[in-house]
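# Close look at the chain arrangement
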Amino acid sequence: MEELSLFELGLFLDNEIVVLKEEGTFSKSKGHPASDSSLKGTNVAHASQPEEVEIEREMELVHEGNFEKGILIVYQGDHLESTHREFLFKILQAVNCSLKDIALSSSEMVEETKLSSIQQMNPNKILIFGKLRHDLMKIMQHKYEILNEDGVEYFFADDLREISENVELKRSLWNKLQILFGIKK
């Protein structure tokens with residue numbers, strides 16, 4: 001059979017078509033793979049509007065570090081300024097951790113990742129510094145409180161910038177981190 005381009009297919013199809021990468025061929029009406037073998041692996045979805053075809057992909061969380069101790073740390077924003085990065089790594093050193101022990105990610109990266117992808121990482125501890133628009137925030141009751149949910153310890157604090165500039169916030173952070181990481185004075 002002669003292979004047709006998408007333009008040529010569009011000349012005789014009466015429904016709008018949408019090409020989706022790395023997905024099977026789906027029919028809008030049934031939501032099942034189309035059985036037309038003449039499409040030969042062409043990824044086509046029939047829909048009256050492209051918005052009706054919803055593809056959910058599990059995106060892995062982009063992070064720095066080797067995550068050896070299963071500690072996920074999320075900071076507010078898209079990047080960590082060098083002074084705040086230094087401050088964070090001093091904190092980590094005080095609790096016997098380094099970049100090889102953690103997964104360090106920005107709030108922007110986490111916001112693009114589904115909760116199920118984060119759960120698949122199987123973290124032991126999740127520390128969130130600042131604001132985050134994600135399902136992880138539903139767990140938070142109060143800042144500077146350690147919560148244990150399904151075997152994962154959660155800790156929510158202010159943005160690293162705010163903490164680094166406020167002695168009381170530093171004190172609150174250190175007191176709770178000693179408990180969270182089992183540090184004895």
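Quick caveat, the model's predicted, so the values are computed rather than measured. (Residues numbered from 1 in each chain as written. Predicted model: local features only at pLDDT ≥ 70, side-chain atom pairs only at ≥ 80, totals over all residues. Heavy atoms only, no water.)

Our next topic: helix α6 (residues 167–180). Between the first and last C-alpha of α6 there are 20 Å, a value that for 14 residues agrees with the 20 Å anticipated at 1.5 Å per step. Buried residues belonging to α6 abut α2 (82–94), β6 (125–129), β7 (146–149), β8 (152–157) and α5 (160–164). N-cap assignment for α6: the residue whose side-chain oxygen lies 2.9 Å from the backbone N of E168 is N166. (Helix = DSSP H or I, 4+ residues; strand = E, 2+ residues; numbered from the N terminus. Expected span 1.5 Å × (residues − 1). Contact = heavy atoms within 4.5 Å. Polar contact = N/O pair within 3.5 Å; in protein donor to acceptor, adjacent residues only side chain to side chain.)

The next thing to look at is the sheet that holds strand β4 (residues 71–75). Across a sheet, strands are paired by hydrogen bonds formed along the backbone, either parallel or antiparallel in direction. Judged by pairing direction, the sheet is mixed, and its five strands sit side by side in the order β5-β4-β6-β8-β7 without closing on themselves. Two strands close off the open sheet at either side, each with one partner strand: β5 (102–106) and β7. Each neighbouring strand pair of the sheet contributes to a mean axis angle of 20°, computed without reference to strand direction. Pairing geometry for β4 and β5, over five bridges, is parallel. Looking at the pairing, I71 lines up with I102 of β5. Sitting on the sheet, α2 touches β4, β5 and β6, and the angle it makes with β5 is about 155°. In this fold α6 packs onto β6, β7 and β8, with an angle of close to 175° to the strand it touches most, β8. (Pairing = 2+ DSSP bridges. Axes fitted to C-alpha atoms, helices over the stretch in contact; angles between N-to-C directions.)

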